[in-house]
Amino acid sequence: MRNLTEENVTEAVINTFANTENPRVKEILTSLVKHLHAFVREVELTEEEWMYGIQFLTRAGHMCDDKRQEFILLSDTLGITTLKDIINNRKPPGVTEYTILGPFYVSGAEEMPAMANIAGDTPGEPVVISGRVTNPSGQPIANALLDVWQASAEGFYDVQLPDQAELNLRGKFRTDAEGRYAFRTIKPSFYPIPGDGPVGQMLRAVGRHPYRPAHIHFILSADGYEAVTTELFVEGDPYLDSDAVFGVRGSLVVDFVQHDSAEKAARYGVTNPFYTVEYDFVLQPLS
Ligand SMILES: [Fe+2]
């Protein structure tokens, strides 16, 4: 292994993995070196660019703490997270599609009765969300759990604002015997991903905006079914086709239907005007 050349350096490095005990570690390291070397060859990486890359990753590391994960943000904004999610969540057509969990999930939200309001007194336009959870043949799934969380009308999650009540805009709901669920909330807003670190710098360098289209997060689970992490997106949002983290799926874009009826609003326990959203989730039985 002396006098290595452009042509044989990759093979020489890969050969050093020959005795790796774990076959998956060997496969991943071999492929990683192959692709990284191919990248360096393709762009003919300069000394200065190599150092910039090292410093970029170092700055990303320095941004990370128990609340902020700049490397996940980097993975998200380069589409790596979504590619990984698609590969790991292949589902038959008709089953509710998976999309990105995001960094704002907090476990421990309260289980609430049907039609409870997860927004409390947070200002915003009221929304009533309802529908069913079924299996792929349309049979209701009773007692399915919907774990719901979302940003406010200003585009912030509770954990981002020290003055917002803990677990605000979060709640858990169970389906009834007919597989029905219903809850009240407020219409979420689009929001920017954090732009004060190297990822924000990268987005600005390529002329990309930092916004995610408005959405409501769900984790659905039920005995005997595969759980699914997903989001419902607001039809008409200006960022549906340019989500900064590539998470939008057409099957998850829903109409927020506006109503102007004091009588209906009173029946739902919301102020007028208000929106309704109807969405049926389909879970895949465990194989
Ligand atoms: Fe989100």
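Computed from a predicted model, the values in this text were never measured in an experiment.

1. Here we look at the domain arrangement of the protein chain
- Each assigned domain of the protein chain is listed with its residue range as follows: domain 1 (1–45) and domain 2 (83–282).
- Taking the mean C-alpha position of each, domain 1 and domain 2 sit 43 Å from one another.

2. Considerations on the environment of leucine 36
- Looking at the secondary structure, you find leucine 36 in helix α2 (residues 23–43).
- Residue class for leucine 36 comes out exposed when judged on the 12 C-beta atoms lying within 10 Å of it.

3. Overview of the environment of leucine 4
- With respect to the helices, strands and loops of the structure, leucine 4 is situated in the segment before α1 (9–15).
- Judged by local crowding, leucine 4 falls into the exposed class, with 12 C-beta atoms found within 10 Å.
- For leucine 4, the residues in contact, after removing those within four places along its chain, are Val9 and Ala12.

4. Remarks on helix α3 (residues 47–63)
- Helix length check: α3, at 17 residues, gives a terminal C-alpha distance of 25 Å against a target of 24 Å (1.5 Å per residue), a fit within 8%.
- The buried fraction of α3 amounts to 0 of the 17 residues, a small share that puts the element mostly on the outside.

5. Overview of the pairing of strand β11 (residues 274–278)
- Pairing geometry for strand β1 (residues 126–134) and β11, over 4 bridges, is parallel. If you follow serine 130 over to β11, its bridge partner there is glutamate 278.
- Relative to β11, strand β10 (residues 257–259) is paired through 3 bridges, and the arrangement is antiparallel. Note on β11: the bridge partner recorded for valine 257 is threonine 276.

6. Quick notes on unusual backbone geometry
- In this structure, the amide linkage connecting asparagine 272 to the following residue, proline 273, adopts the cis form with an omega of -5 degrees.
- One non-glycine residue, leucine 169, adopts positive backbone phi at about 60 degrees.
- Relative to the helices and strands, leucine 169 is located in the loop between β2 (145–150) and β3 (170–174).

7. What to know about the sheet that holds strand β7 (residues 215–221)
- The strand order across the open sheet formed by 5 strands is β3-β2-β7-β8-β9, and the pairing between neighbours is mixed. The open sheet has two edge strands with one neighbour each: β3 and β9 (253–254).
- Examined bridge by bridge, β7 and strand β8 (residues 228–234) share 6 bridges and lie antiparallel to one another. Paired with phenylalanine 218 across the bridge in β8 is threonine 230.

8. Topic: the nonpolar core
- Ranked by internal contacts, the top residues of the largest apolar core, which has 38 residues, are Val133, Leu146, Val148, Leu220 and Leu283.
- Counting residues per element, the ones that place at least two in this core are β1, β2, β4 (180–186), β7, β8 and β12 (281–282).
- Apart from residues no more than four positions distant in its own chain, valine 133 is found in contact with Ile141, Ala144, Thr175, Gly179, Tyr181, Leu220, Ala222, Phe281 and Leu283.
- In this structure, Leu73, Ile100, Ile193 and Val245 belong to the second largest nonpolar core, which totals 6 residues.

Cut-offs applied
- Residues numbered from 1 in each chain as written.
- Predicted model: local features only at pLDDT ≥ 70, side-chain atom pairs only at ≥ 80, totals over all residues.
- Domains from an automatic or database assignment.
- Helix = DSSP H or I, 4+ residues; strand = E, 2+ residues; numbered from the N terminus.
- Buried ≥ 20, exposed ≤ 12 C-beta atoms within 10 Å, placed from the backbone.
- Contact = placed C-beta atoms within 7 Å.
- Expected span 1.5 Å × (residues − 1).
- Pairing = 2+ DSSP bridges.
- Core = buried A, V, L, I, M, F, W, Y, C linked by C-beta atoms within 7 Å.

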